[in-house]
Amino acid sequence: MSASSSSSTNLVTSEEANGGVTVLPGVEDKYGGVVTEISHPIDPSAFSALLRTSLSNWTLQGKKGVWIKLPRHLIGLAETAVKEGFWFHHAEKDYLMLVYWIPKDDNTLPFNASHRVSIAAFVINHKKEVLVVQEKTGRTKGKGIWKFPTGVVNEGEYIHDGSVREVKEETGVDTEFVQVLAFRQTHKTFFEKSNLFFVCMLKPLSFEINAQESEIEAAQWMPWEEYTKQPFVQNHELLRYMTDICSAKTNGDYEGFTTIPVSEHDQQGNLYFNSRDLLPRH
């Protein structure tokens, strides 16, 4: 759930529209709640009184969740809202979102985004050499470990696009997405969030390497067998599974998930599926 950017920016609505009661402006959401966005300065004591009046009015109307979006320049009002029972839901670089649950029954408001999405890129050429890097930062720094290019998918970026971008950024190699081969879910990782880690296979479109100076110590095309024999790979369960899956894929014994664009409820997205065993209807 996110606040609509088209919410009213006036501090108060007309009294007539609310039975003579002055309340905060609000836009009804699809779930019986209301979203309000504050855009102009207001005295904290006046804001406190307006919040109490608004909550009383929304309670009589049978509203459920109340969302207040505060832009960065009005962040001082957050303390007032918290004193009135609101709590922090999430924050972005230019706003803070607070929320309040009116009903006496259990709170059913959605939690803040709980997962980060990351990828590992399996890029293998016609010589059965895999594209690998050594990182300047992180847990493998300075250990002489060769690993797949990895990274985090950006906001608004599809998994397959993120994998192509990360390979280009880290190694300078152009690639084409082939399939998602597997994924792993872990919890309590980056700032206590969960993580979805997708292993993606990509086809190289270029072969010259130009390693990213800021993050990559070295990059090369390494024979697949040499990569798999690294103690770091052999001693880690996840990496052993990954090499087994990648080997099976290159031998034609395994099929991952390709992607097709799909739309639903006026939203465009991508569906990842096993195209070898199922051809979707168009």
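Parameters and conventions
- Residues numbered from 1 in each chain as written.
- Predicted model: local features only at pLDDT ≥ 70, side-chain atom pairs only at ≥ 80, totals over all residues.
- Heavy atoms only, no water.
- UniProt positions renumbered as here; feature names shortened; annotations may be inferred.
- Helix = DSSP H or I, 4+ residues; strand = E, 2+ residues; numbered from the N terminus.
- Buried < 20%, exposed > 50% of the residue type's maximum accessible area, 1.4 Å probe, protein only.
- Lys, Arg positive; Asp, Glu negative; His and termini not counted.
- Salt bridge = Lys/Arg side-chain N within 4 Å of Asp/Glu carboxyl O.
- Contact = heavy atoms within 4.5 Å.
- Pairing = 2+ DSSP bridges.
- Axes fitted to C-alpha atoms, helices over the stretch in contact; angles between N-to-C directions.
- Core = buried A, V, L, I, M, F, W, Y, C linked by side-chain atoms within 4.5 Å.

The name an unreviewed UniProt entry assigns to the chain is Nudix hydrolase, from the organism Brassica campestris. UniProt's Sequence similarities (unreviewed entry) comment on the chain is quoted here verbatim: "Belongs to the Nudix hydrolase family." Its UniProt record gives the chain a comment under Function (unreviewed entry), which states: "Mediates the hydrolysis of some nucleoside diphosphate derivatives, possibly using both NADH and ADP-ribose as substrates."

Caption draft 1: View of the side chain of Glu-170. Here Glu-170 shows up in helix H3 (residues 159-171). In this structure, Glu-170 is buried with no salt-bridge partner, the nearest side chain bearing the opposite charge being Lys-147 at 5.8 Å. Residue contacts for Glu-170: discarding those within four places in its chain leaves Val-133, Pro-149, Thr-150, Asn-210, Ala-211, Gln-212, Glu-215 and Ile-216.

Caption draft 2: Representation of the sheet that holds strand S6 (residues 115-123) in the model. The strand order across the open sheet built from four strands is S8-S6-S10-S9, with neighbouring strands paired in mixed fashion. At either margin of the open sheet sits one strand with a lone partner, and together these are strand S8 (150-152) and strand S9 (175-186). Taking the axes of each pair of neighbouring strands and ignoring which way they run, one obtains an average angle of 25° across the sheet. As judged from the three bridges shared by S6 and S8, these two strands associate in the antiparallel manner. Pairing of Ile-119 across the sheet is with Gly-151, part of S8. Packed onto the sheet, helix H6 (residues 237-250) meets S6, S9 and strand S10 (194-204) and runs at close to 145° relative to S9.

Caption draft 3: Up close: the side chain of Gln-179. Within the secondary structure layout, Gln-179 lies in strand S9. The exposure class of Gln-179 is buried, given its relative accessible area of 2%. With sequence-adjacent residues up to four places away left out, Gln-179 is seen in contact with Val-199, Cys-200, Met-201, Lys-249, Glu-255, Gly-256, Phe-257 and Thr-258.

Caption draft 4: Representation of the nonpolar core within the structure. Judged by nonpolar contacts, the single largest core of 20 residues is most densely connected at Leu-24, Ile-38, Phe-47, Ile-68 and Phe-86. Secondary-structure elements contributing two or more residues to this core are helix H1 (44-60), strand S3 (65-71), helix H2 (77-83) and strand S5 (95-101). Among the elements that take part in this core, H1 stands out by supplying five residues, more than any other. Of all hydrophobic cores here, the second largest spans 18 residues; its members include Ala-120, Leu-181, Phe-197 and Met-201.

Caption draft 5: Fine view of the environment of Asp-244. With respect to the helices and strands, Asp-244 occurs in helix H6. Under the relative-accessibility criterion, Asp-244 is labelled exposed at 52%. Distance from Asp-244 to Thr-228, taken between C-alpha atoms, is 9.4 Å for residues 16 residues apart in sequence.

Caption draft 6: Spotlight on the sheet that holds strand S4 (residues 87-92). Here five strands make up an open sheet; going across it, the order is S1-S2-S3-S5-S4 and the pairing mixed. Each edge of the open sheet is held by one strand with a lone partner, namely strand S1 (27-28) and S4. Bridge count for S3 against S5 is seven bridges, and the pairing is antiparallel. Among the inter-strand pairings, Gly-65 is bridged to a residue of S5, identified as Trp-101. Lying on the sheet, H1 is in contact with strand S2 (34-37), S3 and S5; it crosses S3 at an angle near 155°.

Caption draft 7: Inspection of the UniProt feature "domain: Nudix hydrolase" (unreviewed entry) in the chain at higher detail. When the UniProt feature table is mapped to this numbering, "domain: Nudix hydrolase" (unreviewed entry) covers residues 114-246. End C-alpha atoms of residues 114-246 are separated by 29 Å, and the span's content is 24% helix alongside 38% strand.

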